[in-house]
Every structure is written in C-alpha cells, then in structure tokens.
Amino acid sequence: MRSSNPVFSRRGFSRDNGTAGFSTAPQAGGAAAVGTQANPYAQPGAGNPYAQNPYATNPYAQPDVQGAPPQAPASADRMTMDDVVMRSAMTLGTVVVGAALAWALLPVSSSSYGLAIGAALIAFVLAMVQSFKRNASPALILSYAAFEGVFLGVFSEMFNSRWSGAPFQAVLGTMAVSGATLLIYKAGWIRVTARYARIGMAIAIAFVLVMAVNLLLVAFGVAEDGGLRSMGPLGAIVGILAIVLGAFFLTLDFKQIQDGIAYGAPRSESWLAAFGLTMTLVWIYVEMLRLVAIFSGND
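Attention here is on the structure that accompanies the text. This one's a predicted model, so the numbers in the text were calculated from it and none came from an experiment.

Calculation criteria
- Residues numbered from 1 in each chain as written.
- Predicted model: local features only at pLDDT ≥ 70, side-chain atom pairs only at ≥ 80, totals over all residues.
- Heavy atoms only, no water.
- Helix = DSSP H or I, 4+ residues; strand = E, 2+ residues; numbered from the N terminus.
- Patch = residues over 30% accessible without salt bridge, like charges linked within 9 Å, V, L, I, M, F, W, Y side chains within 5 Å.
- Areas by Shrake-Rupley, 256 points an atom, 1.4 Å probe, with all protein chains shown as cover.
- Salt bridge = Lys/Arg side-chain N within 4 Å of Asp/Glu carboxyl O.
- Buried < 20%, exposed > 50% of the residue type's maximum accessible area, 1.4 Å probe, protein only.
- Axes fitted to C-alpha atoms, helices over the stretch in contact; angles between N-to-C directions.
- Parallel < 35°, antiparallel > 145°, perpendicular 65-115°, else oblique.
- Left-handed = near helix turned anticlockwise from the far one by under 90°.
- Contact = heavy atoms within 4.5 Å.
- Nonpolar A, V, L, I, M, F, W, Y, C, P; charged D, E, K, R; others polar.
- Core = buried A, V, L, I, M, F, W, Y, C linked by side-chain atoms within 4.5 Å.

The next thing to look at is unusual backbone geometry. Residues other than glycine seldom take positive phi values, yet Asp225 does so here, at roughly 55°. Residue placement: Asp225 occurs in the loop between α5 (194-219) and α6 (233-262).

Another aspect to go through is a nonpolar patch on the surface. On the surface, a nonpolar cluster with roughly 550 Å² of combined accessible area is contributed by Ile199, Ile203, Ile240, Leu241, Val244 and Phe295. Those elements giving two or more residues to the nonpolar patch turn out to be α5 and α6. Within the fold, Phe295 resides in helix α7 (residues 269-296). Looking at Phe295, the relative accessible area reads 61%, which means it is exposed.

As a further point, take the packing of α5 against α6. Axis separation between α5 and α6 bottoms out at 11 Å; the angle between their running directions is 140°. Put simply, α5 runs oblique to α6. Crossing geometry of α5 relative to α6 is assigned as left-handed. Together, Tyr196, Ala197, Gly200, Met201, Ile203, Ala204, Phe207 and Met211 of α5 and Val238, Leu241, Ala242, Leu245, Phe248, Phe249, Thr251 and Leu252 of α6 make up the contact between the two elements. Each residue belonging to the contact of α5 with α6 can be placed in one class, and the counts come to 14 nonpolar, two polar and no charged.

Moving on, we come to the nonpolar core. Within the largest apolar cluster, 59 residues are counted, with the highest numbers of intra-cluster contacts made by Tyr144, Leu152, Phe207, Phe249, Leu252 and Leu289. Put simply, the parts of the chain that give this core at least two residues each are α1 (81-105), α2 (110-131), α3 (138-162), α4 (166-186), α5, α6 and α7. Broken down by element, this core gets its largest block of residues, 17 residues, from α7. Those residues in contact with Tyr144, other than ones at most four positions away along the chain, are Ala123, Leu126, Ala127, Phe275, Thr278, Met279 and Val282.

See the structure below:
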C-alpha cells in the first residue's frame, strides 16, 4: 500500500529491509515459523492493497491466548500505541497551530483565499511525496500539517464569517464521528477484511471521480450552484456520503495501527500512522463543516 491519502488508498507498514522480523518472509523449508498467523487479508489477484501483508508470516510473533493475534516481543525499536498517540498529537497539533495563526493573522479577503488555495496545493504535493516515499519523513509530514493548517484556518474563518459557530460545530461533529467509529471498531462490529476494503475503496474511487467531473462541469459553467456540491439537499446527501467514507478510512487506519503494533512494526512507522489519521480527520472536518453550513441555511 503506497498512499496515506484518504482519497486514494491506505499505506501499510511494509518495508523491504525486514527490520527485526518486520516484513520478513518465512524461512526455507515450507512451514511458517511457530507463532505465525494466517494472513487475514491475503487474496489472489492484482491490485489488492492487502494481498502482501508483511505481518502474515512474522517469525518473531509469540503465541498468546487462543484466537488472539500474536504479540511482538517488547523492544525499544518497535512501534507502540504511545508512539502513535504522541506522533498523532504532534501532527494534529501542528495543524491546529497553523489554523489558529491563519485565522488570527489573515482577514477574510480574496488575497487570503488565494493564499489558502496555495497552501492547500502545497499540502497536497507534500502529501503525495510522502505517500510514495519508502520511509516516513517527520519533517515532510509536519510541513504538510502546517500548510494544511493554514488552509483550514482560512477556510474555517470564511465559513464562520457567514455561519457563526460552524467551525466549532464541525470540530464537535468530527470528534463524534471519530469516537463512534473507534467504539464500533473496538467492539468488533466492523471487521476490516480484504473484501470490506475492496468494496470501500471502489466506492471511494468512484466518489472522487464523480467529484472531479462535477468540479470540471462547475468550472466550465455546465453545472450551476456547485452541482453535486451545492449548499442544498443534494449537497447534504453528498456530504453525508463523504463523512461515511471518512469513517471507513478511519477503520482502515485503526486496523493498520493494530496490526503494526501486534506484529512489531518499526517505531518510525508511527509517523505514517499519524500521517494517515491526520489526513482522514481533515477530510471528515472539511465535510462536516460544509454539512453544518448546509443545515444552517442562509442565515
């Protein structure tokens, strides 16, 4: 899996160097090492982002309670939940700081809008560069977060100037969606399987393609009032679908973090986990902000 962008795909924790048994193939002789677990994602066919799960034959996994995933031995070089939380806090904190500074220093004006669009484009480029890099780059990820924050600050201030309090409501909505998704995932009501991921990704790709066509139609004056992204009922339906897709991407994030910790991913991979979570939460926030504005009407 190559990309952390919630629009395109999820990037796993695979690497080719086999650090400490991470992404390591079983030894010659046919049988997998003791304590390994069958690949929960592996499916035949090209294009499956889960077909090459680097954790499926982890020779360092230790058997635990029957039915539970094998646990990697403790090591200072292994990713832990604390690492993920810390890196996520740093990345999201950078987004928040960038947004606060942009809100405070940049007035609502055409020049600010232009700056916001420029920041969004830079953030997109940085995200794509990181998505296709073999190793996590903290500087690149934090730079992405800073530019994304500038965009969100101006974008949020613009909405707040017309729909007072909309950004605060969007933050609460994002927290509600994220918390509910985590609770549902932890309760086992959602199982992240290869089929689940394929269906979700197919819907997501179709959604992005339709939105791209809609953008072109609006740009050339074929579709009026934003087309599918209007501020009316149709726009609300599209916004709700986008938020549901964001929740879907969160479940993939949670599963990859869980697998990375269980199978002993290197600590540096926690930056990729934070990167993916940040992009997904930004996606949900932007869609939630538009949805709040739609429901608020023209007041």
